[in-house]
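# Topology and contacts: notes
Okay, here's what each chain looks like letter by letter:
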Amino acid sequence: MQERIKAILQMEPSPEPIRAEGWVRTKRDSKNVSFLEINDGSCLKGLQAVVDKEKFDQSLLDSIGTGASVVAEGPIVASQGGSQKTEMQVEKLTLVGACPQDYPLQKKRHTVEFLREKAYLRPRTNLFGAIARVRNTMAYAVHSFFQENGFIYVNTPLISASDCEGAGAQFQVTTLDLNNVPKTEDGKVDYSKDFFGKMANLTVSGQLEGETYATAMKDIYTFGPTFRAENSNTARHLAEFWMIEPEMAFCTLEGDMECAEKFLKYIFSAVLEKNEEDMEFFSKFVLDGVVDTLRHVIESPFEHMTYTDAIKVLEPNNDRFEFPVKWGVEIQSEHERFLTEEIAKRPVIVTDYPKDIKAFYMKLNEDGKTVRAMDVLAPRLGEIIGGSEREYRYDVLVSRLKELGMNPEDYWWYLDLRKYGTVPHAGFGLGFERAVQYVTGVANIRDVIPYPRYVKSCEF
Ligand code: 4AD
Ligand code: MG
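Notes on the structure follow.

Turning our eyes to something else, we now look at the pairing of strand β12 (residues 240-249). Within β12, eight of the 10 residues are buried, leaving the element largely enclosed by the surrounding structure. Sheet topology note: the β12/strand β17 (residues 425-431) ladder contains five bridges and is antiparallel. Residue pairing in the sheet places M248 in a bridge with A426 of β17.

Written out as structure tokens, the structure reads:
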């Protein structure tokens, strides 16, 4: 019988031989036996495989070191040692792939910076194994949550000709010869010669296309890669990240916020339930108390605050900030952290931001100055969700586009949704990596995605 090591570790001792496949994390020798710790990524702990030196060729044992891939077979017996309940009494041992001494992951604690340079090997460490498993649980929970609530999963395009956020932070997609770019008579790039016959980019959000499905199927969600060419060299920005974007028709900002809060609590709970051992590891080695914090967040309601009230709270503390605030300015991460860490001591949903600092598609409030936006801010990280009620009134949307110097014709199909059976609708986007960061306590977003892409970095 062959099992993942997680299952083997839960077995009772039995004479029936079990087969374990994995990579050697450590090898310890005593006079008569060798102890191999074999890990296959299914859980944090490895299987202790006890090899009786008398029964095996010394040269085989010598050739098995840290990093080697092996197959070990034998019964599971009660362990003599203290740190594990059971171990394997090895009867058959096969070296599948040897691992020479220059293996970068020797038995010592490596810094995350070092491991980032060895990103192709880092899932073999305790930390990155635990992150990968938690990320997996969260991805599964994202689907479970929406599927259990009747949402339809929609795959929106990654190559897009419209700029959802209007922030100009897009990566261009082109097959034009960059050494010989075709030009129009007035000297501009002639995109009619490009692959799509027009300028195209990697998507910054699936929202606009998501709205087209929500206004047919009521509740939908997307979950996919998102690209932003923001020149932000921070611990919470990536050029390629994963975003979850639900969109709900016949729904206003209140329903949107309720959904966001339930959704976050659902995925946090899933991790506490399924990744107990990994979470203990994060609490011990990454961020003290991360499990308790998460439990507290799940149990208490999120705080709500309008942008205007947030500014009132922040302004008297301006001397503490690098960027002092006043009504109308963007709330930056230092302010987000102040609101969540010092004021609310839990996640805060800030609503009704000034229209000038938010995207064109958000519903204009009656004051004509603010929009029905909501950001969910989390302690340590700041914004993890951005969402809004959408402007569903045709005329208002057209004038918003014009006001922002955008061409309504470029959004003709998006505007048509407001012409044909328009309906109040709302949605949000959760940055998946920020959520993984929050749950694990990992400080840098580059460590919660297998292969981070950021300014001047596209290795592996
Ligand atoms: O606030 P954002 O820009 O909102 C949207 O894209 C909307 N279209 C969402 C919607 O209403 N459907 O981005 C949403 C979230 C942010 O709150 C943040 O968590 C994450 O995406 N995010 C990033 N994560 C990592 N790296 C980046 N460069 C990110 N930019 C945004
Ligand atoms: Mg945002």
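So, on to unusual backbone geometry. Positive phi, close to 55 degrees, is recorded for F250, a residue that is not glycine. Among the structural elements, F250 can be located in the loop between β12 and α6 (253-274).

This part is about the environment of L272. Within the fold, L272 resides in helix α6. What makes L272 buried here is its relative accessible area of 16%. With 138 residues separating them along the chain, L272 and V134 place their C-alpha atoms 9.5 Å apart. Excluding residues that lie within four positions of it along the chain, L272 makes contacts with M279, V291, L294, R295 and I298.

Pairs of packed helices are described in terms of their axes, by the angle between the two and the distance that separates them. Viewed as axis vectors pointing N to C, helix α7 (residues 276-285) and helix α8 (residues 290-299) meet at an angle of 115 degrees, and their least axial separation amounts to 8 Å. Every residue of α8 that contacts α7 at M279, F282 and S283 is listed here: V290, V291 and L294. Among the residues making up the contact of α7 with α8, the classes are represented as five nonpolar, one polar and no charged.

Taken together, 25 residues lie around ligand 1, and E165, Q207, R228, E245 and E383 are the ones closest in. One of the side-chain nitrogen or oxygen atoms of Y361 is found 3.5 Å away from a nitrogen atom of ligand 1. Residue G431 places a main-chain N or O atom 3.3 Å away from an oxygen atom belonging to ligand 1. Here ligand 1 has 630 Å² of accessible area as a free molecule, and 94% of this is covered by the chains. Every element with two or more residues in the shell around ligand 1 is listed here: β12, β16 (382-389) and β17. Among the elements that make up the shell around ligand 1, the one with the highest residue count is β16 (five residues). For the shell around ligand 1, the class distribution of residues is nine nonpolar, eight polar and eight charged.

Take the packing of α6 against α8 next. One can describe the packing of α6 onto α8 by two numbers: an axis separation of 10 Å at closest approach and a directional angle of 140 degrees. As summarised for this structure, α6 and α8 are arranged oblique, according to the angle between their axes. Crossing hand, α6 versus α8: left-handed. Residues K265, F268, S269 and L272 of α6 lie in contact with α8, whose contacting residues are V291, L294, R295, V297 and I298. In terms of residue class, the contact of α6 with α8 is built from six nonpolar, one polar and two charged.

This brings us to the pattern of salt bridges. Here the structure, examined in full by the defined rule, presents 30 salt bridges. Within the structure, one salt-bridge network assembled from shared partners comprises R19, E21, E73 and K92.

So, on to the sheet that holds strand β11 (residues 219-227). Spatially, eight strands are ordered β7-β11-β12-β17-β16-β15-β14-β13 in an open sheet, and the strand pairing comes out mixed. If you trace the sheet from one side to the other, it starts and ends with β7 (152-153) and β13 (303-306), each paired once. Pairing analysis gives four bridges linking β13 to strand β14 (residues 348-354), with the strands arranged parallel. When the sheet's bridge partners are listed, E303 is paired in β14 with V348. In the packing of helix α5 (residues 207-217) onto the sheet, the strands contacted are β7, β11, β12 and β17, and the crossing angle to β12 comes to about 30 degrees. Contacts from helix α9 (residues 307-314) reach β13 and β14 within the one sheet, and its direction differs from that of β13 by about 95 degrees.

The full count for this structure, using the stated rule, is 23 aromatic pairs. Here the aromatic rings of F195 and F196 are separated by 4.8 Å at their centres, their planes lie at 75 degrees, and the arrangement is edge-to-face. Considering the side-chain rings of W413 and Y414, the 6.2 Å spacing of their centres and the 85 degrees angle between planes classify their relative orientation as edge-to-face. Positioned over the ring face of F35 is R28, at 4.5 Å from the centre of the ring. Across from the ring centre of Y353, 4.2 Å away, lies the NZ or CZ of K358, which sits over that ring.

A regular strand carries its side chains on alternate faces of the sheet. Of all 10 residues that make up strand β4 (residues 69-78), eight are buried, and the element is covered over most of its length. With seven bridges joining them, strand β1 (residues 14-29) and β4 adopt antiparallel strand pairing. Within the sheet, the bridge partner assigned to W23 lies in β4 and is S69.

Okay, the side chain of S388 next. Within the element layout of this structure, S388 appears in strand β16. Polar contacts involving the side chain of S388 include one to the side chain of R390, which spans 2.6 Å. Sequence-distant contacts of S388, defined by excluding residues within four places in its chain, comprise L253, D256, Y361, M362, R372, A373, M374, A426 and G427.

A few words now on the side chain of R228. Here R228 shows up in the loop between β11 and β12. Engagement of the side chain of R228 in a polar contact is seen with the backbone oxygen of V204, the distance being 2.8 Å. With residues up to four places along the chain from it excluded, the contact list for R228 reads E165, A169, F171, V204, S205, L238, A239, F241 and M243.

With antiparallel pairing, three strands are arranged side by side in an open sheet as β8-β10-β9. The sheet is open, and its two edges are formed by β8 (159-160) and β9 (172-173), each paired on a single side. Here β8 pairs with strand β10 (residues 200-202) via two bridges, running antiparallel. Among the inter-strand pairings, I159 is bridged to a residue of β10, identified as L202.

Cut-off values and rules
- Every chain is numbered independently, its residues counted from 1 as its sequence is written.
- Written order determines the labels here, with chains lettered from A and ligands numbered from 1.
- Where local features are concerned, this predicted model is filtered to residues with pLDDT of at least 70; where side-chain atom pairs are given and counted, the filter is 80 or more; whole-chain, interface and lining totals use all residues.
- With hydrogens and water set aside, each side-chain value is computed from the structure's full complement of heavy atoms.
- Each residue is assigned to one of three classes by its accessible area relative to the maximum for its type, calculated with a 1.4 Å probe on protein chains only: buried under 20%, partly exposed between the two thresholds, exposed over 50%.
- Helix and strand assignments follow DSSP, with helices taken as H or I runs no shorter than four residues and strands as E runs no shorter than two, numbered in order from the N terminus.
- In this scheme, strands are said to pair when DSSP sees at least two bridges between them.
- Contact between two residues is taken to exist if any of their heavy atoms lie within 4.5 Å; hydrogens are not considered.
- Axis geometry follows a simple rule: fit a line to the C-alpha atoms, using only the stretch in contact for helices, then measure angles between N-to-C directions, giving values from 0 to 180 degrees.
- Three categories are distinguished: nonpolar for Ala, Val, Leu, Ile, Met, Phe, Trp, Tyr, Cys and Pro, charged for Asp, Glu, Lys and Arg, and polar for the others, with Gly belonging to the last.
- Near is defined per residue: the residue qualifies when any heavy atom it owns lies within 4 Å of the molecule or strand.
- Pairs of N or O atoms are called polar contacts if they sit within 3.5 Å, as long as, within protein, a hydrogen donor faces a hydrogen acceptor (for residues adjacent in sequence, only side-chain-to-side-chain pairs).
- For accessible areas, the Shrake-Rupley method is used with a probe of radius 1.4 Å. Any residue's cover is judged against the shown protein chains and nothing else.
- Angles below 35 degrees are treated as roughly parallel, those above 145 as roughly antiparallel, those between 65 and 115 as roughly perpendicular, and all remaining angles as oblique.
- By convention, the crossing between two helices is left-handed when the near helix turns anticlockwise from the far helix through less than a right angle, and right-handed when the turn is clockwise.
- Salt bridges are defined as contacts in which a side-chain nitrogen from Lys or Arg sits within 4 Å of a carboxyl oxygen from Asp or Glu.
- Here a Phe, Tyr or Trp ring, Trp counted by its six-membered ring, pairs with any other such ring whose centre lies within 6.5 Å, and the pair is stacked when the planes are under 30 degrees apart, edge-to-face when over 60, and tilted otherwise.
- Ring-over charges, as used throughout, are those where CZ of Arg or NZ of Lys falls within 6 Å of the ring centre and within 35 degrees of the ring normal.

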